[in-house]
Amino acid sequence: MSDGFGTLDHVYVVVAGETVLPVGAAGGGPGDGETALPVDDAGGRETTPPVGGAGGRPGDREAGLPVGGAADRSGGLGAGLPVGGPDGLARAVRELEEAEGPRWVWADARETYPPLLERGVRVARCHDLALTEGLLLAYEGRYGEPRSARAAHARLHGLPVPDEQPNAPGTLFAPEPLGAREVAEVLTDQLRRIAALPEPGRFRLLVAAESAGALVAAEMAHEGMPWRRDVHDALLTEMLGPRPVHGMRPARLQALADEVAAAFGHQVNPDSVQQLVKAFKGAGVALKTTRQWELKQIDHPAVAPLLAYKELARLFSAHGWTWADQWVRGGRFRPEYVVGGVVSGRWATHGGGALQIPKVMRRVVMADDGWMLVVADAAQLEPRVLAAMAGDVGLARAAGEIDLYSALAQSFGGERANAKIAMLSAMYGGTSGDASKLLAVMRQRFPKAYQFVEDAAKAGEEGRLVRSWLGRTSPPPSERWKELVSGPEGGRAARDRGRFTRNFVVQGTAAEWALSLLAVLRGRLPEPARLVFFQHDEVMVHCPAELADEVIAAVAGSAAEASRLLFGGTPVRFPMEAVAVKSYADAK
DNA sequence: AACCGGCGCGCC
DNA sequence: AAAGGGCGCGCCGGTT
């Protein structure tokens, strides 16, 4: 109950956005009907017991979803509860939520939840059929097949599978919403497929966390991140000059463009790579690209104004006045989050560029009067995740410290920087500079961690799938890759994919930890605190000032709980220090 | 006019 | 010295 994922008592299916259907008591308290999850019984995937072993039954405390309860009863569906439109639905959901706290089952939270939020209704947990179907399809090596509940239902019955886009061009009619029986059938099928997995407990945790993510994403889009347009405008004006009329460059940008032109002695569009390369060539400077680091090596009077131009031009085009007109309303920035939008399980955004807000803009994010922003990010999350997954005792010991890299330094000639390069190279597949030398040290000192990512890389190079700790599965290699890998450039293609799969297992598990943290934290926040931002390993909560301490404590507790949910009794620590600030810029 | 790949750079 | 994972997005410039 208190673990944030909750115990399932009842399942309610929301059908067609306006019917609530009790599917019946699913039964089962925590662990009920759940056998112990054999962590080292990998059943087709290579895993290692969590470091420390004791209590290490990932997912076993999650008690998130029924194994067969709802499924068994779905054949005996009662009549739906017609609730009469969105207002009636909101009323019904609110009442049932308060009375019973069920897990809501719906085809797609993106469609069902926002209308509820608009009517002030929030729910504690759900099972999102589309997200779950996506996870299952990927696990089954069927990545990319349509994952909507309707598509899942069609596959179940051998019917033509509809396109992913319900209103794709050429589609004359939106499909009929799924009925209660259909939704229940898809749920039953998914629960059956999950139960048949080698690690059902882990996957249930993944499904519960992913579904909770869908709730958080909708809530954050509804709430919005505080964004002071007056501060934003002042910042832009300070850096660029006053807002220009449409289609014009701001004064400061134009002045820099003129400086670049003067340095070359003729007009050059500083936004055009081709023109720049040509202009530098005319000045006797050979360039392959116009990237910052390459420009910085060059001694030419155009370089300084060009670099300044590039920095400001990006600010102007990506987060300038036009951007604010589009994305900021009522003092809130409302991006569209895409849960699981990255194959590794990280979130993406669609529009708004919420995950690329320049650091210089953070001062624009300010708490309302009397409120604070609690900002927290997980320190060195990926190496810690690797230590826990691999069960590498030495690395886990270092990961018991607040600064993991400092703790590793003695293994790398006392150099913290070298420890960091070694870890990053292991996780990203780096080869340049000192990487190979440092990796050799890593192989010797932390053999299990080293072997863990090497195995993942090897799987990728051979075209096999890899999975995160909870079972999120990499996409299979493309047909194009298979052709390429047997050709003359095959080695390159294989290594490229090896780097991808090497990173996938770490990034994917880090995303699972962060998602679990988010889900737990969401359930522990005191009213009226609200999650307003989430960026891979960082969260932001907007709350009344007097609740800040409570929120900070909730963050720390949630981080510990997320670690326990994923890795049981691992000695690896996952520090997540939260600070309360008025402005995002004041965090760290 | 619309589309698209390449580039460059913002974030983690 | 300038590489090694994941993204989104705006701009350029060539193609349809």
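Bear in mind the structure is a predicted one, so any value in this text is a computation, not a measurement.

Section: the environment of Leu256
Working step 1: Secondary-structure assignment places Leu256 in helix α9 (residues 251–264).
Working step 2: Its relative accessible area of 2% is what places Leu256 among the buried residues.
Working step 3: Between the alpha carbons of Leu256 and Leu306 there is a distance of 7.0 Å; along the sequence they are 50 residues apart.
Working step 4: Beyond its immediate chain neighbours, meaning those up to four positions away, Leu256 contacts Pro305, Ala308, Tyr309 and Leu312.

Considering the protein's contact with DNA strand C
Working step 1: DNA strand C sits among 26 residues. The nearest are Ser272, Gly351, Ser432, Arg499 and Phe500.
Working step 2: Taking all atoms of DNA strand C within 4 Å of the protein, the share assigned to sugar and phosphate is 76%.
Working step 3: In the model, a base nitrogen of DNA strand C is placed 3.3 Å from a nitrogen or oxygen of the Arg314 side chain.
Working step 4: In the model, a base nitrogen of DNA strand C is placed 2.3 Å from a nitrogen or oxygen of the Ser432 side chain.
Working step 5: Counting only elements with at least two residues in the surface near DNA strand C, the list comes to α10 (273–282), α12 (303–319), β10 (348–349) and α21 (490–524).
Working step 6: If one sorts the elements of the surface near DNA strand C by residue count, α21 sits on top with 4 residues.

Section: the confidence of the model for chain A
Working step 1: Predicted confidence across chain A gives a mean pLDDT of 85, with 85% of residues reaching 70 or more.
Working step 2: The model gives residues 1–9 a pLDDT under 50, and that stretch makes 41 contacts with residues more than four places away or in other chains.
Working step 3: Counted against residues more than four places away or in other chains, residues 166–172, with its pLDDT under 50, gives 5 contacts.

Structural notes on the side chain of His319
Working step 1: In this structure, His319 sits in helix α12.
Working step 2: Setting aside anything within four residues of it in sequence, one finds His319 in contact with His232, Leu236, Arg314, Gly352, Gly353, Gln356, Ile357, Pro358 and Met361.

So, the environment of Cys126
Working step 1: Position of Cys126 relative to the elements: it lies in strand β5 (residues 126–128).
Working step 2: Considering only alpha carbons, one finds Cys126 and Ala214, 88 residues apart in sequence, at a separation of 8.7 Å.
Working step 3: Apart from residues lying up to four places away in sequence, Cys126 is in contact with Arg103, Trp104, Trp106, Ser211 and Leu215.

A look at empty space enclosed by the protein
Working step 1: Counted by the stated rule, this structure contains 2 cavities of 30 Å³ or more.
Working step 2: Space inside the second largest cavity adds up to approximately 40 Å³.
Working step 3: In terms of lining, the second largest cavity is formed by Gly345, Arg346, Trp347, Ala511, Ala514, Leu515, Phe534 and His536.
Working step 4: Residues belonging to the lining of the second largest cavity are distributed by class as follows: 5 nonpolar, 2 polar and 1 charged.

What to know about the protein's contact with DNA strand B
Working step 1: Looking at DNA strand B, there are 17 residues lining it, with Arg314, Arg346, Gln356, Arg362 and Asp537 nearest.
Working step 2: Considering the 4 Å shell around the protein, atoms of DNA strand B inside it are sugar or phosphate in 80% of instances.
Working step 3: Within the side chain of Lys310, one N or O atom sits 3.2 Å away from a sugar or linking oxygen of DNA strand B.
Working step 4: Between DNA strand B and Lys359 there is a distance of 2.9 Å, counted from a phosphate oxygen to a backbone nitrogen or oxygen.
Working step 5: Considered class by class, the residues forming the surface near DNA strand B number 4 nonpolar, 6 polar and 7 charged.

What to know about the environment of Val572
Working step 1: Within the secondary structure, Val572 sits in the loop between α22 (548–567) and β14 (576–581).
Working step 2: For Val572, a relative accessible area of 5% translates into the label buried.
Working step 3: For the pair Val572 and Arg384, spaced 188 residues apart in sequence, the C-alpha to C-alpha distance is 6.6 Å.
Working step 4: Ignoring any residue separated from it by four or fewer positions in sequence, one finds Val572 in contact with Arg384, Ala387, Ala388, Ala396 and Ala399.

Things to note about the pattern of salt bridges
Working step 1: Enumeration according to the criterion identifies 31 salt bridges in this entry.
Working step 2: For Arg522, the salt bridge goes to Glu219, with nearest N and O atoms at 2.6 Å. Of this pair, Arg522 sits in helix α21 while Glu219 sits in helix α7 (residues 200–223), placing them 303 residues apart in sequence.
Working step 3: Taking the relative accessible area as the measure of exposure, Arg522 reaches 15% and is therefore buried.
Working step 4: Residue class for Glu219 comes out buried when judged on its relative accessible area of 6%.
Working step 5: One salt-bridge network, held together by shared partners, links Glu133, Glu140, Arg142, Glu145, Arg155, Asp189, Arg192 and Arg193.

A closer look at the sheet that holds strand β11 (residues 371–378)
Working step 1: On the basis of which strands lie adjacent, the open sheet formed by 4 strands has the order β12-β13-β11-β14 and antiparallel pairing. Of all strands in the sheet, those bounded by a partner on one side alone are β12 (530–534) and β14. Sheet twist, expressed as the mean angle between neighbouring strand axes with direction ignored, is 25°.
Working step 2: As paired elements, β11 and β14 share 6 bridges and run antiparallel to each other. When the sheet's bridge partners are listed, Leu373 is paired in β14 with Val581.
Working step 3: On the sheet, α21 packs against β11, β12, β13 (538–544) and β14 and is oriented at approximately 165° with respect to β12.

Cut-offs applied
- Residues numbered from 1 in each chain as written.
- Chains lettered and ligands numbered in written order.
- Predicted model: local features only at pLDDT ≥ 70, side-chain atom pairs only at ≥ 80, totals over all residues.
- Heavy atoms only, no water.
- Helix = DSSP H or I, 4+ residues; strand = E, 2+ residues; numbered from the N terminus.
- Buried < 20%, exposed > 50% of the residue type's maximum accessible area, 1.4 Å probe, protein only.
- Contact = heavy atoms within 4.5 Å.
- Near = heavy atom within 4 Å.
- Polar contact = N/O pair within 3.5 Å; in protein donor to acceptor, adjacent residues only side chain to side chain.
- pLDDT = per-residue confidence, 0-100.
- 1 Å grid on protein atoms, 1.4 Å probe; cavity = no way out; pocket = protein on both sides within 12 Å on 5 of 7 lines; lining within 4 Å.
- Points joined across faces, edges and corners; volume = space filled by probe spheres on them.
- Nonpolar A, V, L, I, M, F, W, Y, C, P; charged D, E, K, R; others polar.
- Salt bridge = Lys/Arg side-chain N within 4 Å of Asp/Glu carboxyl O.
- Pairing = 2+ DSSP bridges.
- Axes fitted to C-alpha atoms, helices over the stretch in contact; angles between N-to-C directions.

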